[in-house]
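A closer look at the structure
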Amino acid sequence: MQAGAAVPVVVLAAAVLHAVWNALAHAMPHKLAGFTLINLAFVGVSAVWVCFTPLPGSAAWPFIAASTVLQTAYQALLLQAYKLGDFGQMYPAARGVAPMLVAVVSVSVLGQDLSARALTGVLVISAGLVTLALADGLPDRTQLPALMAALGTGVMIASYTVVDGTGVRRSDTVFGYIAWGFLLQGTLFCAGAFALAGRGLRHRLRDAPMRGLTGGLLSLTAYALVVWAQDHGDLASVAALRETSIVIAALLSAVFFHERLGGRRLAASATVVVGIALLQLAHT
């Protein structure tokens, strides 16, 4: 299979892994401890990984630095959204805003071409994801802080997607870019978490260490697959296709968190599938 043809398969695999690690993170009784364990896994794996990958080119380092800050902010906002809201609503709200923002930036700022069919696919997937987020109706005032955190997460997702999609093409090494990015963001997040919570956090890390570390490994693998795909496909299509993780997340929320999966959620999932088909047709 050629690299271009493999992109949709790789991104869909990443989507499954992404939904699972988010479910693991949401299930952690202490969210900060859960995210810290995830980042400790980042540090452990990437510290070894950087020893076996080439050093990214000098042109890539500003992008790696920017991505480190954006990814850390993304995790902080996602943690807050999961503390305040339900998995079945926060996850699609966070992921649904990103594809549209990436499509706008990649075309208007980066000058990438996007065919009419591919753009339609991006729009359909985005519409389906937004519908999933609002399947239970408009949020009331008490839900606004959680929703704002989730929407802020979406802005961070779109931002680091564009930064990484541009930076990896200037790095001369896809895997070196990924390894250093995870090492730096994991270190920054853990340093901030321990500075905020101190000894109490160290005690909380013992609650469910395997769940958190497994989530970290799944997250690292999922994003490594996405960055590889960004190096071989167009940013908007990769960004939209990876958001199909929300369809898997909707099923996980119903099965493991006993959240309602009604007709609106099923219809929205079907809309996402239509968008995927349009994206696939745009690349044939």
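Per chain, residue numbering runs from 1 following the sequence as it is written. With the structure being a predicted model, the display of local features is reserved for residues of pLDDT at least 70 and the display and counting of side-chain atom pairs for 80 or more, all residues being used for whole-chain, interface and lining totals. The side-chain numbers reported here are obtained from all heavy atoms of the structure, hydrogens and water having been left aside.

1. Remarks on the nonpolar core
Note the cut-off: In this text, buried Ala, Val, Leu, Ile, Met, Phe, Trp, Tyr and Cys residues form a nonpolar core when linked through side-chain atoms within 4.5 Å. Three exposure classes are used, based on accessible area relative to the maximum for each residue type with a 1.4 Å probe and protein chains only: buried under 20%, partly exposed in between, and exposed over 50%. Where helices and strands are cited, they refer to DSSP runs of H or I of at least four residues and of E of at least two residues respectively, numbered from the N terminus. Contact definition: two residues touch when any of their heavy atoms are within 4.5 Å.
Judged by nonpolar contacts, the single largest core of 77 residues is most densely connected at Trp21, Phe35 and Tyr177. The dominant element in this core, judged by the number of residues it contributes, is helix 7 (residues 144–167), at ten residues. Once residues lying within four places of it in the same chain are set aside, the contact partners of Tyr177 are Pro56, Ala60, Phe63, Ile64, Ser67, Val163, Asp164, Gly167, Val168, Ser171 and Val227.

2. Some points on empty space enclosed by the protein
In plain terms, the rule: The pocket and cavity definitions rest on a 1 Å grid over protein atoms only: a 1.4 Å probe that fits but cannot leave marks a cavity, an open set with protein on both sides within 12 Å along at least five of seven lines marks a pocket, and residues lining either have an atom within 4 Å of a point. Grid points are joined across faces, edges and corners, and a volume is the space filled by probe spheres set on the points. Nonpolar residues are Ala, Val, Leu, Ile, Met, Phe, Trp, Tyr, Cys and Pro. Charged residues are Asp, Glu, Lys and Arg, and all others, Gly as well, are polar.
One pass over the full model with this rule turns up three cavities of 30 Å³ or more. Contributing to the lining of the largest cavity are His18, Trp21, Phe42, Gln71, Tyr74, Gln75, Tyr160, Phe182, Gln185, Ser219, Tyr223 and Arg242. Of all the secondary-structure elements, those providing two or more residues to the lining of the largest cavity are helix 1 (3–27), helix 3 (61–84), helix 8 (174–197) and helix 10 (209–232). Per element, the largest residue contribution to the lining of the largest cavity is three residues, and it comes from helix 3. Considered class by class, the residues forming the lining of the largest cavity number six nonpolar, five polar and one charged. The space that makes up the second largest cavity amounts to roughly 80 Å³. The wall of the second largest cavity is formed by Ile64, Ser67, Thr68, Gln71, Asp164, Tyr177, Ile178, Gly181, Phe182, Gln185, Tyr223 and Val227. Among the secondary structure elements, those contributing two or more residues to the lining of the second largest cavity are helix 3, helix 8 and helix 10. Broken down by element, the residue count for the lining of the second largest cavity peaks at five residues, all from helix 8. Among the residues making up the lining of the second largest cavity, the classes are represented as six nonpolar, five polar and one charged.

3. Re the packing of helix 4 (residues 87–96) against helix 12 (residues 245–256)
The condition is simple: To get an axis, a line is fitted to the C-alpha atoms, and for a helix only the part in contact is used. The angle between two axes follows their N-to-C directions and goes from 0 to 180 degrees. Should an angle lie under 35 degrees it is considered roughly parallel, over 145 roughly antiparallel, and from 65 to 115 roughly perpendicular; all remaining angles are considered oblique.
The contact between helix 4 and helix 12 brings their axes to 9 Å, and the two run at 175°. In terms of axis orientation, helix 4 runs roughly antiparallel to helix 12. Across from Phe87, Gly88, Tyr91 and Pro92 in helix 4, the residues of helix 12 making contact are Ser245, Ile246, Ala249 and Ser253.

4. Considerations on the packing of aromatic side chains
The following threshold applies: Two aromatic rings from Phe, Tyr or Trp, using only the six-membered ring of Trp, form a pair when their centres are within 6.5 Å; if the ring planes differ by under 30 degrees the pair is stacked, by over 60 it is edge-to-face, and anything between is tilted.
Inspection of the entire model under this criterion finds ten aromatic pairs. Ring centres of Trp21 and Phe35 lie 6.4 Å apart, and the angle between their planes is 80°; on these two criteria the pair is classed as edge-to-face. Of this pair, Trp21 sits in helix 1 while Phe35 sits in helix 2 (residues 31–49), and the two are 14 residues apart along the sequence. Exposure class is identical for Trp21 and Phe35. Each is buried. Ring centres 6.2 Å apart and planes at 40° place the aromatic pair Trp49 and Phe175 in the tilted group. Taken as a pair, Trp49 in helix 2 and Phe175 in helix 8 lie far apart in primary sequence, 126 residues in all. These aromatic residues form a ring-pair network of at least three members: Phe42, Tyr74, Tyr160, Phe182 and Tyr223.

5. Looking at the packing of helix 4 against helix 7
To keep it simple, the criterion reads: Helix crossings fall into two classes, left-handed where the near helix is turned counterclockwise from the far one by less than a right angle and right-handed where it is turned clockwise.
Viewed as axis vectors pointing N to C, helix 4 and helix 7 meet at an angle of 40°, and their least axial separation amounts to 7 Å. With respect to helix 7, the element helix 4 is oriented oblique. The hand of the helix 4/helix 7 crossing is right-handed. Residue-level contacts link Met90, Ala93, Ala94 and Arg95 of helix 4 to Ala146, Leu147, Ala150, Leu151, Thr153, Gly154, Ile157 and Tyr160 of helix 7. Grouping the constituent residues of the contact of helix 4 with helix 7 by class yields nine nonpolar, two polar and one charged.

6. Topic: the confidence of the model for the chain
Do not read the predicted coordinates in detail wherever pLDDT is low. So the rule is basically this: Along the chain, pLDDT gives the predictor's confidence residue by residue, from 0 to 100.
With 96% of its residues at a pLDDT of 70 or more, the chain has an overall mean of 84. Within the chain, the lowest mean pLDDT, 73, falls on helix 5 (residues 98–108), and the highest, 94, falls on helix 3.

7. Some words on the environment of Val274
Following the sequence through the fold, Val274 ends up in helix 13 (residues 263–282). Val274 gets classed as partly exposed once you look at its relative accessible area, which sits at 47%. Considered as a pair, Val274 and Val124 are 150 residues apart in the sequence and their alpha carbons are 7.3 Å apart.

8. What about the environment of Leu101?
Looking at the element boundaries, Leu101 is found in helix 5. The spacing of Leu101 and Ala14 is 87 residues in sequence and 20 Å in space, taken between C-alpha atoms. Apart from residues lying up to four places away in sequence, Leu101 is in contact with Val155 and Ala158.

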